[in-house]
Each structure stands twice: as C-alpha cells, then as structure tokens.
Amino acid sequence: MLLELIDINRLPIFLLVFVRLLSFFLVVPLFSYRTIPLPFRIGFSFFLALILFQTIDSTLFVLDHTYIFLIVKEALVGLLVGLLAFIIVSAIQVAGGFVDFQMGFAIANVVDPQTGAQSPLTGQYFYMIALLFLLAVDGHHLIIDGIFTSYQFISIDAFIPFEDGSITEFIIQSFNYMFIIAFQMAIPIVGTLFLVDIALGIIARTVPQLNVFVVGLPLKILVSFVAILIFLSLYITAIENLFGTMFRAMRGLLQIFGGA
C-alpha cells in the first residue's frame, strides 16, 4: 500500500519533504517537548510528509549531484523556522525570570518537564497558561499549516539566499523583539514591586525599629500574587499577541527564504 502511494522514482522528493518536516517538529514549540516521544514525532512527520508529498509538483525536479545540498537546505529551513518560533515563545520564560528576580524567587527555579531545563516559577506558570491557550485556539493546527505553506515560498529545488545577510538580520531583529515582548509582559508586576521597594525604603528611614528585611520579603510575595491576579487578563492578551508575532515571524522568514 505504501509503495502504491510513493512512486519509487519520486522517493528522493519524498525524502526532501520528510527532512523538512522532521527538522521542524524537532525544535518548534509544543511538538519538540520531551513529553512527546521521539518515535511519535518521526512517525507524525512521516505521515504528514506522505500527505504533503502528493500535493507537490515535482515534474521539473532533476536528480543530480546537488541533491545532498538540497537535503541540507531542507533541514536548515525546518530548523531555522522552528527555532525562530521557539525563540519568540521563550519571551514568556524571560518575563517570568524578571518577575521572579523582583519577588525573590530567582533562586527557586524548577525543572521544566517539557524542555528538561531549569525554569523560573512564575515563568513556568505563565508558560503553562500560554500552552493551554495555544491548544484552546487550535494554534497547533496553525503551526502545522505554517510548515505546509512553506512550500509556497521556497520549493524543494530552490536554495536559501544567504548572500545578502537578510536572514541573519531578520533573526536578530526577532531576538530583540522577543526581549521587548518579555519586558512588556513583566513591567506591570515589576513596576508594582518597585513601588513596594520604595515604600519599604521610606518605612526603613522613618521607622528604624522595624526590620524591613523580615517584613519586606513576604510583603513583596503577597503583592506580586495580587498583581498577577489583577493583571491575568492582560497576560492573556499579551500571550495572544505573542503567538500572533510568532506566526508573522515564521511567515516573514519563509518569505526571505523565497527571495520575496
């Protein structure tokens, strides 16, 4: 049955499609987490490649000595697009790190079961909300659709234009924008805790008998929890804008790959 779906003469083209999809799902958020087994990702990429392979016009494809470079190109396309999405989503963790530093939780990191790396407590809380929001709005379908539409921008027989340096500049700009988003997400709570620090400093000068170091830490934790509760709706909007930025950045990078 499988041999009927894949013509043996078109097998090199199927391999190119499979390499792009597999490299993409190895690094893109949600699909690249450790809780999703590697055999599942390989099989998922294989069957998606089997579907996508039937829609690609390969009449002009010529198998020659550049085939190995096409395989490397397909791997780079999948890795770069998925890595760009991962970098932008990491703004949530960076914002949580800013908040934890002001709360006094910077030393109390936890191990993220998704990535296996240490993560700030508040960042992990925001990250779980973001993943649930992504699944609730069918964002995982948009991620799959994004790699499907990548063939509209860069075909399997085209190469990436690295000469003008636009790809590097675009990734650096996206990396800078990730920190801007993280600062925008963290500034309400960080600003609130900054005002608490000012109030504690005034109290320490006016009432020297009061030990602000004993009172300050639980007070800042209480204020930060109240601020998170108040600004939670704002974070949902920020997460929505974050994923919108991620999809636009993925599309912009694919347009640069295609020379647009």
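What counts and what doesn't
- Residues numbered from 1 in each chain as written.
- Predicted model: local features only at pLDDT ≥ 70, side-chain atom pairs only at ≥ 80, totals over all residues.
- Heavy atoms only, no water.
- Helix = DSSP H or I, 4+ residues; strand = E, 2+ residues; numbered from the N terminus.
- Buried < 20%, exposed > 50% of the residue type's maximum accessible area, 1.4 Å probe, protein only.
- Contact = heavy atoms within 4.5 Å.
- Areas by Shrake-Rupley, 256 points an atom, 1.4 Å probe, with all protein chains shown as cover.
- Core = buried A, V, L, I, M, F, W, Y, C linked by side-chain atoms within 4.5 Å.
- Expected span 1.5 Å × (residues − 1).
- Bend = angle between axes of the 7 residues up to and from the residue.
- Axes fitted to C-alpha atoms, helices over the stretch in contact; angles between N-to-C directions.
- Parallel < 35°, antiparallel > 145°, perpendicular 65-115°, else oblique.
- Nonpolar A, V, L, I, M, F, W, Y, C, P; charged D, E, K, R; others polar.
- Salt bridge = Lys/Arg side-chain N within 4 Å of Asp/Glu carboxyl O.
- Patch = residues over 30% accessible without salt bridge, like charges linked within 9 Å, V, L, I, M, F, W, Y side chains within 5 Å.
- Phe/Tyr/Trp six-rings, centres within 6.5 Å; stacked < 30°, edge-to-face > 60°.
- Lys NZ or Arg CZ within 6 Å of the ring centre and 35° of its normal.

J.: Looking at this structure, how should I read the overall build of the protein?
T.: Regarding its fold elements, the protein presents 10 helices and 2 strands. Written out in order from the N terminus, the α and β elements of the protein read α-α-α-α-α-β-β-α-α-α-α-α. Looking at the protein as a whole, 45% of its 260 residues are labelled buried. Residue pairs at least 24 apart in sequence account for 81% of intrachain contacts in the protein once pairs closer than 6 positions are excluded. Within the structure as shown, the protein displays about 13,800 Å² of accessible surface, and the carbon and sulfur contribution to it stands at 72%.

J.: Please clarify how the nonpolar core should be interpreted in this entry.
T.: When a protein is soluble and globular, its nonpolar side chains tend to lie buried together. Phe25 and Phe257 are the most contacted members of the largest nonpolar core, which totals 74 residues. Element by element, the count of residues in this core is highest for helix α10 (residues 232-257), at 12 residues. Not counting the four nearest positions on each side in its chain, Phe257 is found in contact with Val77, Leu80, Val81, Ile154, Phe159, Ile160, Pro161 and Ile167.

J.: Looking at this model, I keep getting lost on helix α8 (residues 166-206). Mind explaining?
T.: In an α-helix, one full turn covers 3.6 residues, which means residues spaced three or four apart are oriented alike. Over its 41 residues, α8 extends 57 Å from the first C-alpha to the last, a length consistent with the 60 Å expected when each residue adds 1.5 Å. A bend of about 50° at Ile187 is the largest found in α8, and the proline Pro188 appears one to four places after it.

J.: Please clarify how the packing of α8 against α10 should be interpreted in this entry.
T.: The description of two packed helices rests on the angle between their axes and on the distance between the axes. One can describe the packing of α8 onto α10 by two numbers: an axis separation of 11 Å at closest approach and a directional angle of 180°. With respect to α10, the axis of α8 lies roughly antiparallel. Across from Ser166, Ile167, Phe170, Ser174, Tyr177, Ile181, Met185, Ala186, Pro188 and Ile189 in α8, the residues of α10 making contact are Leu234, Tyr235, Ala238, Ile239, Leu242, Thr245, Ala249, Gly252, Leu253, Ile256 and Phe257. Across the contact of α8 with α10, the residue classes tally to 17 nonpolar, 4 polar and no charged.

J.: What am I meant to see in the pattern of salt bridges here?
T.: Oppositely charged side chains can form a pair if their charged atoms are brought close together. Counted according to the given criterion, the structure contains 3 salt bridges. With a closest N to O distance of 2.6 Å, Glu74 and Arg20 form a salt bridge. Of the two residues, Glu74 sits in helix α4 (residues 67-89) while Arg20 sits in helix α2 (residues 11-27), which places them 54 residues apart along the sequence. Under the relative-accessibility criterion, Arg20 is labelled buried at 0%. Three or more residues are tied together by salt bridges with common partners; here these are Arg20, Lys73 and Glu74.

J.: For this particular structure, what's the right way to read the side chain of Ser174?
T.: Mapping Ser174 onto the fold places it in helix α8. On the accessibility criterion, Ser174 (9% relative accessible area) is buried. Setting aside residues up to four positions removed in sequence, Ser174 forms contacts with Leu84 and Ala249.

J.: What exactly am I supposed to notice about a nonpolar patch on the surface here?
T.: There is a patch of nonpolar side chains on the surface, built from Ile203, Val207, Leu210, Val214, Val215 and Leu219 and spanning about 430 Å² of accessible area. With 3 residues, helix α9 (residues 212-230) is the largest single contributor of residues to the nonpolar patch. One can find Val214 in helix α9.

J.: Any chance you could explain the packing of aromatic side chains here in plain terms?
T.: The geometry of an aromatic ring pair comes down to the distance between the two centres and the angle between the two planes. According to the stated counting rule, one finds 13 aromatic pairs in the structure shown. Centroid distance Tyr125 to Phe126: 5.8 Å. Interplanar angle 45°. Geometry classified as tilted. Ring geometry for Phe175 and Phe179: centres 5.2 Å apart, planes at 75°, overall edge-to-face. With a gap of 4 residues between them, Phe175 and Phe179 both fall in helix α8, about one helical turn apart. A relative accessible area of 36% means that Phe175 is categorised as partly exposed. By relative accessible area, which is 37% here, Phe179 ends up partly exposed. By the ring-pair criterion, three or more aromatic residues cluster together here, those being Phe14, Phe18, Phe46, Phe47 and Phe53. Here Arg20 stacks its cationic end above the ring of Tyr151, 3.9 Å away from the centre of that ring.

J.: I'm lost on unusual backbone geometry in this one. Help?
T.: Backbone phi values are negative for most residues with the exception of glycine, while trans is the configuration of most peptide bonds. Its identity is not glycine, yet Asp138 carries a phi of approximately 60°, on the positive side. In this structure, Asp138 sits in the loop between α6 (121-136) and α7 (139-153). Among the residues examined, Asp138 registers a relative accessible area of 38% and is labelled partly exposed.

J.: What am I meant to see in helix α5 (residues 91-103) here?
T.: Over its 13 residues, α5 extends 18 Å from the first C-alpha to the last, a length consistent with the 18 Å expected when each residue adds 1.5 Å. The complete set of buried residues in α5 reads Ala91, Ile92, Gln93, Ala95, Gly96, Val99, Asp100, Gln102 and Met103. Gly104 lies just past α5 and shows a positive phi near 95°.

It is worth stressing that arrangement in space is one thing and function is another; only the former is reported here.
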